[in-house]
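Structure assessment
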Amino acid sequence: GAVVSQHPSRVICKSGTSVKIECRSLDFQATTMFWYRQFPKQSLMLMATSNEGSKATYEQGVEKDKFLINHASLTLSTLTVTSAHPEDSSFYICSARSDPNTGELFFGEGSRLTVL
Amino acid sequence: AQRVTQPEKLLSVFKGAPVELKCNYSYSGSPELFWYVQYSRQRLQLLLRHISRESIKGFTADLNKGETSFHLKKPFAQEEDSAMYYCALSNQGGKLIFGQGTELSVKP
């Protein structure tokens, strides 16, 4: 199957700083990537759809100025958590489709953010 | 409204027992439904999708439009089936909407 990779897998930062998480499709090109947030043993909440070459589409209730998404190439999307606070601590997961005609999404390994 | 509901947060069975993980959905169009699995310390991965009508690792799921359900079943659970299971619905925009997840624990 297709491979999606995230970096870093774990990051700890101080409150008020910004953190960037990268999501790469390693063996396919993705015009669209999806960013999810997951709380322990809970569901994945879709945050936004990252579109290559255009603005991201955010889900209701997600602050676009807080969670900056950039999709500069067909294999890379980045999520920047700006002015992070402890409540932003979570597991962030990206995903993408290798074939836009199929429904299957391939997921990254996730990035655990801890804000002190 | 588009919604996926998994009523059971935790399901605990003994090895060899039948398993049914429940999933109900709410969607106005023609849904495309999936089951994803997340084993301990691994990434989320596709288990099966309703359009394939296939059996993966002994699991099957049938879409029942009348009951708006897509329950996941396995006749004889194995210890290695212990994991988090997520039912998901793909809408026309290509977004995947997840249920709350059910933790399956298979005891020896």
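Figured I'd write up the structure that's included with this text. (Residues numbered from 1 in each chain as written. Chains lettered and ligands numbered in written order. Predicted model: local features only at pLDDT ≥ 70, side-chain atom pairs only at ≥ 80, totals over all residues. Heavy atoms only, no water.)

1. Quick notes on the interface of chain A and chain B
Rule in force here: Should any heavy atoms of two residues lie within 4.5 Å, those residues are counted as being in contact. Summed over both partners, the accessible area lost on bringing two parts together, with a 1.4 Å probe, is the buried area. One side-chain nitrogen of Lys or Arg within 4 Å of one carboxyl oxygen of Asp or Glu is enough to make a salt bridge. Only DSSP runs of H or I covering at least 4 residues are called helices, and only runs of E covering at least 2 are called strands; the numbering of each starts at the N terminus. Amino acids are sorted into nonpolar (Ala, Val, Leu, Ile, Met, Phe, Trp, Tyr, Cys and Pro), charged (Asp, Glu, Lys and Arg) and polar (every other residue, Gly among them).
Tallying the contact residues gives 19 residues for chain A and 19 residues for chain B. Summing both sides of the interface, chain A and chain B together bury roughly 1,600 Å²; the carbon and sulfur share of this comes to 50%. The three residues of chain A that bury the most area against chain B are Lys-41, Glu-104 and Phe-107 of chain A, which together make up 31% of that side's buried surface. Across the contact surface, chain A and chain B share two salt bridges. Across the salt bridge formed by Arg-43 of chain B and Glu-109 of chain A, the nearest N and O atoms sit 3.7 Å from each other. Of all the secondary-structure elements, those providing two or more residues to the side of chain A that touches chain B are strand E4 (32–38) and strand E5 (44–51) of chain A. Considered class by class, the residues forming the side of chain A that touches chain B number seven nonpolar, seven polar and five charged.

2. Considering the side chain of Ser-25 of chain A
All names here are of chain A. Stated formally: Each polar contact in these results corresponds to two N or O atoms within 3.5 Å; when the atoms are within protein, one needs to be able to donate a hydrogen and the other to accept it, and residues that are neighboring in sequence are counted only if both atoms are side-chain atoms.
As for its placement among the helices and strands, Ser-25 is situated in strand E3 (residues 19–25). In this structure the side chain of Ser-25 is engaged in a polar contact, spanning 2.7 Å, whose partner is the backbone oxygen of Phe-28. Not counting residues within four places of it along the chain, the set of residues in contact with Ser-25 comprises Val-3, Ala-30, Met-33, Leu-74 and Thr-75.

3. Things to note about the packing of aromatic side chains
This is how the line gets drawn: Aromatic rings from Phe, Tyr and Trp, taking only the six-membered ring of Trp, are treated as a pair when their centres fall within 6.5 Å; an angle between ring planes under 30 degrees marks them as stacked, one over 60 as edge-to-face, and anything in between as tilted. Each residue's exposure class comes from its accessible area (1.4 Å probe, protein chains only) as a fraction of the maximum for that residue type: buried when under 20%, exposed when over 50%, partly exposed otherwise.
As enumerated under the stated definition, the model contains nine aromatic pairs over all chains in all. Pairing Tyr-36 of chain A with Phe-98 of chain B gives two aromatic rings, centres 5.5 Å apart and planes at 80°, and the pair type is edge-to-face. With one member in each of two chains, Tyr-36 of chain A in strand E4 and Phe-98 of chain B in strand E10 (residues 96–98) form a pair that bridges those chains. Each member of the pair, Tyr-36 of chain A as well as Phe-98 of chain B, is classed as buried. An angle of 45° between the planes, with centres 6.2 Å apart, marks the rings of Phe-34 of chain B and Tyr-36 of chain B as tilted. Residue classification places Tyr-36 of chain B among the buried positions, given a relative accessible area of 0%.

4. Examining the pairing of strand E8 (residues 76–81) of chain A
Residues and elements named next belong to chain A. Selection criterion: Strands are treated as partners if at least two bridges between them are detected by DSSP.
Here E8 lies mainly inside the structure; six of its six residues are buried. Covered by surrounding structure in E8 are Leu-76, Thr-78 and Thr-80 together with Ser-77, Leu-79 and Val-81, the residues of both alternating faces. Pairing geometry for E3 and E8, over six bridges, is antiparallel. Residue Arg-24 lies in a different strand from E8, and its bridge partner there is Leu-76. Bridge count between strand E7 (residues 67–73) and E8: five bridges; the pairing is antiparallel.

5. Things to note about the sheet that holds strand E8 (residues 72–74) of chain B
Residues and elements named next belong to chain B. Strand order in the open sheet formed by three strands is E3-E8-E7, with antiparallel pairing between adjacent strands. Edge positions in the sheet fall to strand E3 (19–21) and strand E7 (60–61), since each of these pairs with one other strand and no more. Sheet analysis places E7 next to E8, joined by two bridges and oriented antiparallel. Within the sheet, the bridge partner assigned to Thr-60 lies in E8 and is Lys-73.

6. Considering the state of the cysteines
Residue and element names in this part refer to chain A. As a reminder of what qualifies: Two cysteine sulfur atoms form a disulfide, by the criterion used here, when they sit within 2.5 Å.
Taken as a whole, this structure holds two disulfides over all chains when the rule is applied. Paired through a disulfide, Cys-23 and Cys-94 show a sulfur-sulfur distance of 1.9 Å. Taking the sign of the torsion about the S-S bond as the criterion, the disulfide between Cys-23 and Cys-94, at about 80°, is right-handed. Of this pair, Cys-23 sits in strand E3 while Cys-94 sits in strand E9 (residues 90–96), and the two are 71 residues apart along the sequence.

7. Observations regarding the pairing of strand E2 (residues 10–13) of chain A
Residues and elements named next belong to chain A. Because side chains alternate across E2, one face comprises the buried residues Val-11 and Cys-13, and the other comprises Arg-10 and Ile-12, none of which is buried. The pairing of E2 with strand E11 (residues 111–115) spans four bridges and is parallel. By the bridge assignment for E11, Cys-13 is matched with Val-115.

8. Regarding the layout of surface pockets
Rules: Two kinds of site are reported from a 1 Å grid over the protein atoms alone, namely cavities, where a 1.4 Å probe fits but cannot get out, and pockets, open sets with protein on both sides within 12 Å along at least five of seven lines, and residues are called lining when an atom falls within 4 Å of a point. Grid points are joined across faces, edges and corners, and a volume is the space filled by probe spheres set on the points.
A volume near 690 Å³ is recorded for the largest pocket. Sorting the residues of the lining of the largest pocket by element identifies E9 of chain A together with strand E9 (83–90) and strand E11 (102–107) of chain B as the ones contributing at least two each. Looking at the lining of the largest pocket, the element that brings in the most residues is E9 of chain B, giving three residues. Classifying every residue of the lining of the largest pocket gives 11 nonpolar, eight polar and seven charged. Roughly 300 Å³ of internal volume is contained in the second largest pocket. Here the residues of the lining of the second largest pocket are counted per class, giving three nonpolar, 12 polar and three charged.

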